[in-house]
Amino acid sequence: MDKFPITVNVNGVRYDRAVEPRLLLSDFLRHDLCLTGTHVGCEHGICGACTILFDGEPVRSCLIFAVQANGHDIRTVESLGSTENLHPLQEAFHEKHALQCGFCTPGFLMTLIPFLEKHPKPTEEEIREAIDGNICRCTGYENIIQAVKLASEKMPR
Amino acid sequence: MAGKYFGQPILRNEDAQLLSGKARFIDDIDLPGMLHAAFLRSDFAHARIKKIDYSAALKRSGVVAVYTAEDFGDFWRPGPLQVPPPTAIKGSVFNARTLVPIAKDKVRFSGEPLAVIIAESRYIAEDAFDDIIVEIEPLDAVNDLEKALEPGAPLVHEDLDSNLAADVVQERGNYEEARAKADVVISRKILVNRNAGAALENRGFVVEWEERSRQMTVWATTQAPIPLRNTIAARMGLFENQVRVITPFIGGGFGPKIMTSQADDVLLPWIAMKLKRPIKWIEDRRENFLATTSERDQVHYAEIALTKEGTILGVKDVFYHNTGAYDPYGMTVPLNTQTHTVSNYRVPNFYTQIKMVFTNQMVVTPVRGAGRPQGVFVMERLMDAAARELNMDPAEIRMKNLLIPDEFPLRTGIIGQDFVEGVLDSGNYKKNLEKTMEIVGYEKFRKEIQPKLRAEGKHVGIGIVTFTEGTAVGPYEGARVTIGANGKVNVATGISTQGQGHFTSFAQIVAEQVGIDVKDINVVTGDTAHFHWGAGTFASRGAAVAGSAIHNAAVKVREKIFSLASKIFEEPEENLEVGDGKVWVKSNPSQSMLLGDLALRANPTRGTIEPGVEPGLEATAYYGPPYGATGAGAVAMIVNLDPETMQVKVEHFVIVHDCGTAINPMILEGQVYGGISMGIGNAFYEKMVYDDNGQLLSASFMDYLMPQATDMPAKMELGHLVTTTPLNTLGIKGVGEAGAIPTPAAFVQAVEDALHGQVEIMESNLNPSRIFEYLQKKQ
Ligand code: FES
Ligand code: FES
């Protein structure tokens, strides 16, 4: 299959690659760029594990082709804190035990980053709505909601 | 027995890696020269295979090989009976028809593999599906559990006379005699439907055969790494130490990942050896729905006999259990149903019969709850029907019949999934219920709140149920604890981890003994190169069984610290203290030594050692209980039903549970919350729907709905009671499945109550249209 050249800015780094037009953005990030923090749970747009920021907006990378990202700005979970220096949102997840297996977590984080920018002091209702498109099979969401509340206190406004 | 580390809500060691996207999951593994596997799966549930022609696929660029059952020659054979049936149950029938790795001659469920394609990329492997021509003769599918046993039904396994997979009768006392004496006898047909485990991460398998060192390395998302390693070694004719199974981080388990699915476990190692290249297979969501495993599907004919005061005299339950197309997991699930039907109530006479049935559906193995929710659902529904008949309050009739602590240990007379007669070891069941009623405000809701809200036209209802959870079963687990020269500790155990926080809770157990901070304790689970004895993570047994083995090993290391330090300091052991990574003389703290230095001293490289002394600050230990420990609890839930849409909102959810000692209360609560969400899903959102042809209609997250954040209760409260089990030193009972077990029973009761008791609901998986149907039927 023919490959097409693309230029994508991921986490502030410019990548020039040639890809098949059918290559999913999630696969491109995970397997071509080895940014495996973005996870794939369903590949049909429901679970939200593959959520990334596309020009600042949360989108599902399993529903987009890599070629569609040509010329765009992508951010993945790897752009947040490192293991030694977690982002306040990650810290809040840690402190509130908002993750168990952690497979869904990167998707939640990338959904919540722009949400908290827009809603620095969210109500519980708003938080539930915000994460309603992300499935977590382990936690029952309760601690995730608590973590978002905590993060909203921690994050600089 | 909370200590400095043990029993504390210590934050998890594993979080930073997971949060920063730096944790390695199976699909993150990338090896040089790696090939990718895809399975062509049957679209038919029941069919005869005439011919599979894959010649065109081999011509496709990037396709390396294609195999069907024939191509595996003698290597093809049915897989092992992963769990044999208990021999102790006299007169039981069990027909073992174990899972085959790839369909040969006949297809028995939709999604069964027909061919495996190996290609340079997964994309290409799946492209090749279109190149393969499958000639097939469809057969009538077996779906209905009762019709399946009628004469003339199509046969899933034609070498058997019927679709009966097992028939097991267990009885304590004499039900018929009890029935004859009863004032009231209530009979009901009760249905429980199928649910998926649906871990967010699908399964996966990566295998590499390194020919020069003759070593096979397997990465797998298995809950049972050691049995998997043993099976692969045996099938490949290798020694156990030539096969290393590693479980990377696993994105949830919930039961189905315990299963060796044969297609990946058996076929891919063989292919990797042939092709001399690493192979990776990552299950996709559709495959997970069609061809992993799931459970719950049962039809019960149940009966309860009582006095007019509401005292239970006996219970009879004859039930059909769907085992799917094969039964490699024996009778674990229906045996759990039998043991959990009456476990928390005083039921002197109990007759229970399993009729396990083969169908043309995916194989049944445990999913979080594992047969227990069905047993609890049946019993709790009978209790509710009895309460209604006798005009008693649901809480009152339960209180009257719950077992009391003086009765423990209580032999149940029913043999369970662990092959031994059940024994209820400890607990305070009435207190669980009392506390639940107190937290939810039961009396006040019944007497004040509900009447007031009803007067306002609201449809609010309350459900209250009790349950037990048989946990922590044998046979055994083991562990090795080692203090390194770096002063840190390594802990290795044979079970694997799917999010339960073992990397922290196990570290807490060790920290308490050796006085080294939890952060400096590295726990390795599920890597056969680190520890290679054990059974696996199932039946809520990780914390209690592996945890007890780890405790035993840590105690031995502690003893070694004291014994060696006593010699070095020339002080009696009782004058020594350990903590903060060192050991010192109590009366003279300046006389101290870092444990890392002591570890070096424990491994002398010249000179002599005393007889009987083993090197290193290291110890290995095992633990196996005579029978499982039983946790228990109660649940109350207040729901609000919208009479227009039939949508049900859980307003208030209370669970009081008792799982003995908590290693880490924060992690424990997390487990309970997670179980509750699965229970709510099972009760109102999730349902695996098969049509008459055996097609799974709900094979995606678009059709199989899982609870989202807005579906969870507006208010959740957890209450804890602790009655420690005498079965292990730490007093731990399991908890992993607790939340999932009672929730559907409480939900249905609450929905009935919200509808003013107009309808009686005897099935466990509701949804708005189903509730509407009930009301329509009534009118
Ligand atoms: S993997 Fe993209 S939404 Fe599930
Ligand atoms: S933590 Fe496992 S799916 Fe969310």
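*Asks:* Could you clarify how one ought to interpret the overall build of chain B in this entry?
*Replies:* A count of helices and strands for chain B gives 18 helices and 31 strands. For chain B, whose C-alpha radius of gyration is 27 Å, the value lies close to the compact-globule estimate of 28 Å for 779 residues. Along the first, second and third principal axes, the C-alpha atoms of chain B reach 90 × 75 × 50 Å. Residues classed as buried in chain B amount to 64% of the 779 residues present. Partitioning the contacts of chain B with sequence separation of at least 6, the portion at a separation of at least 24 is 79%. Only carbon and sulfur atoms are counted for the fraction: they give 51% of the accessible area of chain B, which is about 27,400 Å². A distance of 1 Å separates the average location of the 77 positive side-chain charges in chain B from that of its 96 negative side-chain charges.

*Asks:* Whenever I open this one, the interface of chain A and chain B confuses me. Can you help?
*Replies:* Many authors give the size of an interface as the accessible area that is lost as the parts come together. Taken together, the contact between chain A and chain B spans 48 residues of the former and 55 residues of the latter. Approximately 4,300 Å² of surface area, both sides summed, lies buried where chain A meets chain B, with 58% of it carried by carbon and sulfur atoms. Its largest share of buried area at the contact with chain B, chain A owes to A:Arg22, A:His97 and A:Arg137, together 18% of the area lost on that side. The partner of A:Arg30 in a salt bridge is B:Asp27, with the nearest N and O atoms 3.0 Å apart. Scanning the region where chain A abuts chain B turns up 23 residue pairs in polar contact (both at pLDDT 80 or more). Among the elements of the structure, helix H1 (25-32), helix H2 (88-95), helix H3 (105-118), helix H4 (124-130) and helix H5 (142-154) of chain A are those that each provide at least two residues to the side of chain A that touches chain B. Sorting elements by how many residues they give to the side of chain A that touches chain B places H2(A) first, with four residues. When the residues that make up the side of chain A that touches chain B are grouped by side-chain class, the tally is 18 nonpolar, 18 polar and twelve charged.

*Asks:* Looking at this structure, how should I read the domain arrangement of chain B?
*Replies:* All names here are of chain B. Here chain B is partitioned into domain 1 (198-291), domain 2 (294-473 + 626-778) and domain 3 (474-623). Inter-centroid distance (C-alpha atoms) of domain 1 to domain 2 is 34 Å. Facing the 13 residues of domain 1 at the interface are 16 residues of domain 2. Of the roughly 1,200 Å² buried where domain 1 meets domain 2, counting both sides, 77% is carbon and sulfur surface. Counting across the domain 1 and domain 2 interface gives zero salt bridges. Between domain 1 and domain 2 we count one residue pair in polar contact (both at pLDDT 80 or more) in total. Taken together, the residues of the side of domain 1 that touches domain 2 sort by class into nine nonpolar, two polar and two charged.

*Asks:* Can you walk me through the layout of surface pockets in this structure?
*Replies:* Rolled over the atoms, a probe with the dimensions of a water molecule shows which regions are left empty. Looking at the largest pocket, its volume works out to about 980 Å³. If you trace the largest pocket, you find 39 residues lining it, with A:Asp27, A:His31, A:Glu43, B:Arg122 and B:Tyr123 closest to the centre. At the level of secondary structure, the elements contributing two or more residues to the lining of the largest pocket comprise strand S2 (13-19) and H1 of chain A together with strand S1 (35-41), helix H3 (122-127) and strand S14 (279-282) of chain B. Its residues assigned to classes, the lining of the largest pocket shows 14 nonpolar, six polar and 19 charged. Along the wall of the second largest pocket there are 38 residues; nearest its centre are B:Gln17, B:Phe249, B:Phe503, B:Asn522 and B:Val523. When residues in the lining of the second largest pocket are grouped by element, the largest group, five residues, is from strand S24 (residues 521-525) of chain B. Split into classes, the residues belonging to the lining of the second largest pocket amount to 14 nonpolar, 16 polar and eight charged.

*Asks:* Could you clarify how one ought to interpret the sheet that holds S2(A) in this entry?
*Replies:* Within a sheet, each strand pairs with its neighbour through backbone hydrogen bonds, oriented either parallel or antiparallel. All names here are of chain A. Taken in spatial order, the five strands make up an open sheet running S2-S1-S5-S3-S4, and their pairing is mixed. Pairing within the sheet leaves two strands with one partner each, and these edge strands are S2 and strand S4 (57-60). In this sheet, neighbouring strand axes are inclined to one another by 40° on average, regardless of whether the strands run parallel or antiparallel. In the sheet, strand S3 (residues 51-54) pairs with strand S5 (residues 73-75) via two bridges, with the strands oriented antiparallel.

*Asks:* What is the right way to read the pairing of strand S29 (residues 629-641) of chain B from this model?
*Replies:* On any regular strand, side chains alternate: one points to one face of the sheet, the next to the other face. Residues and elements named next belong to chain B. Within S29, 13 of the 13 residues are buried, leaving the element largely enclosed by the surrounding structure. Judged from the 13 bridges that link them, strand S21 (residues 459-471) and S29 form a sheet pairing that is antiparallel. If you follow Glu 469 over to S29, its bridge partner there is Gly 631. Pairing of S29 with strand S30 (residues 648-658), which is carried by ten bridges, proceeds in the antiparallel orientation. Counterpart to Leu 641 in the pairing with S30 is Val 648.

*Asks:* I would appreciate a short explanation of empty space enclosed by the protein in the present structure.
*Replies:* All names here are of chain B. Under the defined criterion, the tally for this structure stands at seven cavities of 30 Å³ or more. Here the largest cavity is characterised by a volume of approximately 660 Å³. Surrounding the largest cavity, 44 residues form its lining, Gln 500, Ser 540, Arg 541, Gln 671 and Gly 736 being those nearest its centre. Within the residue set of the lining of the largest cavity, elements represented by two or more residues are helix H8 (332-341), helix H13 (502-514), helix H14 (542-569) and helix H16 (665-685).

*Asks:* What exactly am I supposed to notice about the sheet that holds S21(B) here?
*Replies:* Residues and elements named next belong to chain B. Ordered in space as S21-S29-S30-S31, the four strands form an open sheet in which the pairing is mixed. Of all the strands in the sheet, just S21 and strand S31 (715-720) have a single pairing partner and so form its edges. Ignoring which end each strand starts from, the neighbouring axes of this sheet average 15° apart. Each of S21, S29, S30 and S31 is contacted by helix H11 (residues 429-440), which is oriented at about 25° to S29, the strand it contacts most.

Thresholds applied
- Residues numbered from 1 in each chain as written.
- Chains lettered and ligands numbered in written order.
- Predicted model: local features only at pLDDT ≥ 70, side-chain atom pairs only at ≥ 80, totals over all residues.
- Heavy atoms only, no water.
- Helix = DSSP H or I, 4+ residues; strand = E, 2+ residues; numbered from the N terminus.
- Rg over C-alpha atoms; globule rule 2.2 N^0.38 Å.
- Buried < 20%, exposed > 50% of the residue type's maximum accessible area, 1.4 Å probe, protein only.
- Contact = heavy atoms within 4.5 Å.
- Areas by Shrake-Rupley, 256 points an atom, 1.4 Å probe, with all protein chains shown as cover.
- Lys, Arg positive; Asp, Glu negative; His and termini not counted.
- Charge placed at Lys NZ, Arg CZ, Asp CG, Glu CD.
- Buried area = accessible area lost by both parts, 1.4 Å probe.
- Salt bridge = Lys/Arg side-chain N within 4 Å of Asp/Glu carboxyl O.
- Polar contact = N/O pair within 3.5 Å; in protein donor to acceptor, adjacent residues only side chain to side chain.
- Nonpolar A, V, L, I, M, F, W, Y, C, P; charged D, E, K, R; others polar.
- Domains from an automatic or database assignment.
- 1 Å grid on protein atoms, 1.4 Å probe; cavity = no way out; pocket = protein on both sides within 12 Å on 5 of 7 lines; lining within 4 Å.
- Points joined across faces, edges and corners; volume = space filled by probe spheres on them.
- Pairing = 2+ DSSP bridges.
- Axes fitted to C-alpha atoms, helices over the stretch in contact; angles between N-to-C directions.

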